[in-house]
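If you want the building blocks of each chain, they are given just below.
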Amino acid sequence: MAYKIKSAECTVCGACEAECPNIAISLKKGTYVIDPAKCTECQGQFDSPQCAAVCPADCCVPA
Amino acid sequence: MSNVVSLDSIFGLGQLAPPAVMPAAPETASGCSSSSCGSSDGPADMDPAVWEKVKNHPCYSEEAHHYFARMHVAVAPACNIQCNYCNRKYDCSNESRPGVVSEKLTPDQAIKKILAVAQEIPQLSVIGIAGPGDSLAAAGKNTFATFEMLQKKAPDLKLCLSTNGLALPDHVDTIAQYNIDHVTITINMVDPEVGAQIYPWIFYKHKRWTGLDAAKILHEQQMLGLEMLTSRGILVKVNSVMIPGVNDEHLLEVNKAVKSRGAFLHNIMPLISDPAHGTWFGLNGQRGPTAQELKVVQDACEGGAKLMRHCRQCRADAVGLLGEDRGEEFTADKIEAMGFVEYDDEARRTYREHVESERAGRNASKAAAQADVRESIGFTVDPILIAVATKGGERINEHFGHAKEFQIYEVGPTGAKFVGHRRVDQYCEGGSGDVDTLDGVLAAINDCTAVFVAKIGGCPSKSLADAGIEPVDRFAFDYIEESALAYFKDYAERLGQGVVQSRAGQDAVIRTGALTARRA
Ligand code: SF4
Ligand code: SF4
Ligand code: SF4
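Nothing here was measured: the structure is a model prediction, and the numbers come from that model. (Residues numbered from 1 in each chain as written. Chains lettered and ligands numbered in written order. Predicted model: local features only at pLDDT ≥ 70, side-chain atom pairs only at ≥ 80, totals over all residues. Heavy atoms only, no water.)

(A) Structural view of the sheet that holds strand β6 (residues 201-204) of chain B. All names here are of chain B. Pairing is antiparallel in the open sheet, where 3 strands are placed in the order β2-β6-β7. Across the chains shown, the open sheet's two edge strands, defined by having one partner strand only, are β2 (81-82) and β7 (207-210). The pairing of β6 with β7 spans 4 bridges and is antiparallel. By the bridge assignment for β7, F203 is matched with R208. Contacts from helix α7 (residues 211-231) reach β2, β6 and β7, with the element oriented near 105° to β7. (Pairing = 2+ DSSP bridges. Helix = DSSP H or I, 4+ residues; strand = E, 2+ residues; numbered from the N terminus. Contact = heavy atoms within 4.5 Å. Axes fitted to C-alpha atoms, helices over the stretch in contact; angles between N-to-C directions.)

(B) Fine view of unusual backbone geometry. One non-glycine residue with positive phi stands out, namely A:C42, at about 65°. With respect to the secondary-structure elements, A:C42 resides in the loop between β3 (31-34) and α2 (50-54).

(C) Summary view of the interface of chain A and chain B. Taken together, the contact between chain A and chain B spans 15 residues of the former and 12 residues of the latter. At the boundary of chain A with chain B, total buried surface from both sides reaches about 1200 Å², with 56% on carbon and sulfur atoms. Run the count over chain A and chain B and you get 1 salt bridge. Two residues, B:R208 and A:D58, come together in a salt bridge whose shortest N-O distance is 3.1 Å. The interface formed by chain A and chain B holds 8 residue pairs in polar contact (both at pLDDT 80 or more) in total. For the side of chain A that touches chain B, the secondary structure elements donating two or more residues are α1 (15-19) and α2 of chain A. When residues in the side of chain A that touches chain B are grouped by element, the largest group, 4 residues, is from α2(A). Tallied by class, the residues present in the side of chain A that touches chain B amount to 10 nonpolar, 3 polar and 2 charged. (Buried area = accessible area lost by both parts, 1.4 Å probe. Salt bridge = Lys/Arg side-chain N within 4 Å of Asp/Glu carboxyl O. Polar contact = N/O pair within 3.5 Å; in protein donor to acceptor, adjacent residues only side chain to side chain. Nonpolar A, V, L, I, M, F, W, Y, C, P; charged D, E, K, R; others polar.)

(D) Looking closely at the pattern of salt bridges. All names here are of chain B. Taken as a whole and assessed by the stated rule, the structure comprises 13 salt bridges over all chains. Of the charged contacts in the structure, one is a salt bridge between K295 and D299, with a shortest N-O distance of 3.0 Å. In this pair, K295 and D299 are both assigned in helix α10 (residues 291-301), 4 residues apart and thus about one turn of the helix distant. According to the relative accessible area criterion, K295 is buried, its value standing at 10%. Sharing partners across several salt bridges, the network here consists of E470, R474, D490 and R494. (Buried < 20%, exposed > 50% of the residue type's maximum accessible area, 1.4 Å probe, protein only.)

(E) Layout of helix α3 (residues 107-120) of chain B. In this model, α3(B) (14 residues) spans 20 Å end to end at C-alpha, consistent with the 20 Å of a helix rising 1.5 Å per residue. Three or more residues of α3(B) are buried, namely B:P107, B:A110, B:I111, B:K113, B:I114, B:L115, B:A116, B:V117 and B:A118. (Expected span 1.5 Å × (residues − 1).)

(F) Looking closely at the pairing of strand β3 (residues 124-129) of chain B. Residue and element names in this part refer to chain B. Taking burial as the measure, the 6 residues of β3 include 6 buried ones, the bulk of the element. Bridge count between strand β1 (residues 69-72) and β3: 4 bridges; the pairing is parallel. Across the sheet, the residue bridging to A69 is L124, located in β3. Note that β3 and strand β4 (residues 158-163) share 4 bridges and pair parallel. Of the residues in β4, the one forming a bridge with G128 is C160. Handedness of the β-α-β unit built from β3, helix α4 (residues 141-153) and β4 comes out right-handed. (Right-handed = clockwise from strand over helix to strand, strands pointing away.)

And the structure:
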């Protein structure tokens, strides 16, 4: 139960990092990654996974 | 002239027919384009409090754009909407040009860069944050962190930011708190039906919205943000991207709506569309306007909010006077290598005093030149366009072959005024001129009667004359407006004698691609 970032398509804009309610997203070696241990798919917090909703490259997807 | 909006010019907009005489668009390999920003008004017709705020801002005052430099720092990569003219691999094309990638900086790196540039370029007066995404997305964290530090370290620099407006109402108090006295909002529509063709989705209140809902929310937030800013006395410039067939006619309504809410300037910029940029518009064959189509809409809006015509659609990391970009001299690596940077505002203060005194004399001499023209020819001759090669300072001081852009002046019985600029490739890069580039230059200024230069070679001179554009170097290093008026007087006489022909009905090509202005 977690999301992941398809790094090849990521523009490294950081929009997802700012929206994640669980601080699951961080910049590692020049690309953003989701920590599956922290990601809850936003369940119980928002209607839809926030990272996927804000991502301009549509590259936040279910792992 | 263009202060009066004729009904024809409004009703004619619907059928923006391709102009009668259209030069072939040049094949250009390298991607370079430019257009410039600001009000064409001087102190005479402006509220003194406003003039005080804008007189040294290159984007807000057309007069200042000849003298002052701006710098963008690209600290805001995230965005909260999707525009059909934008590809998120690149900079936001609201304020910056599509198809360019700016160097992203952290707020700390940005401060260091600003201080280094301020030491090097005394003309620097404004620091802006225009992306590369939206400066207020992601809660505007980097944007405000940068401004906060800057306000402490370099209080003499003016701060401004650009935004799509979606998150604006949430941040108006913070904007006021940091003394940000200029904000640019990109507003392309005031009707959600039009908006739905421009914005596929927005991210708002933890949700992705699409279609009419998205456009409606964006519109309401933009209008609310605009009103909140102007009611606090913060100057607002509105940018609109002109998209033929989508919002060209509609921009007149946008102009009215933003004017009635107190926007100080309206900047109508051409859509720059190219399949190579990978934007939705680019891939779907949506074209940008021609130079004359753009001018028709700009002229029609001129009775409303003041128009800015010198916007160069700069990169989100642009540095220098408008029309130039010295970003290359200040890359992150170079700044890092500089070590500790001292801050001292002495050079900038001296420069500002110099400009103040120079300006005083200018207004009188412009008025005299204008009176002379009116006396000798009356109002019988239609205005003409003149392309000018200039490096700044309101003078004709650039060699034809070195010009990376031409400033366009409209001159007629009511005076000379700046109406735009056209990006070109340097004709003479490294000595010898090349024919393809010259064709590009001719296409870019094809609607002009003359081109004013400091110097020009025999060969391009002949090609210009053959194309019906008169090369003029007799005003080398003189002031632009006075020279344009003197030329117009002479032109009117020659026209009367049938020696020259009017170029009415000609159009020109707006270059696609970005002003990267990499120095050779
Ligand atoms: S799905 Fe939600 S919790 Fe998981 S990374 Fe995305 S924003 Fe964070
Ligand atoms: S929002 Fe999308 S493109 Fe931006 S950093 Fe996150 S994953 Fe990458
Ligand atoms: S894009 Fe350039 S010219 Fe236009 S407003 Fe911004 S800095 Fe000024």
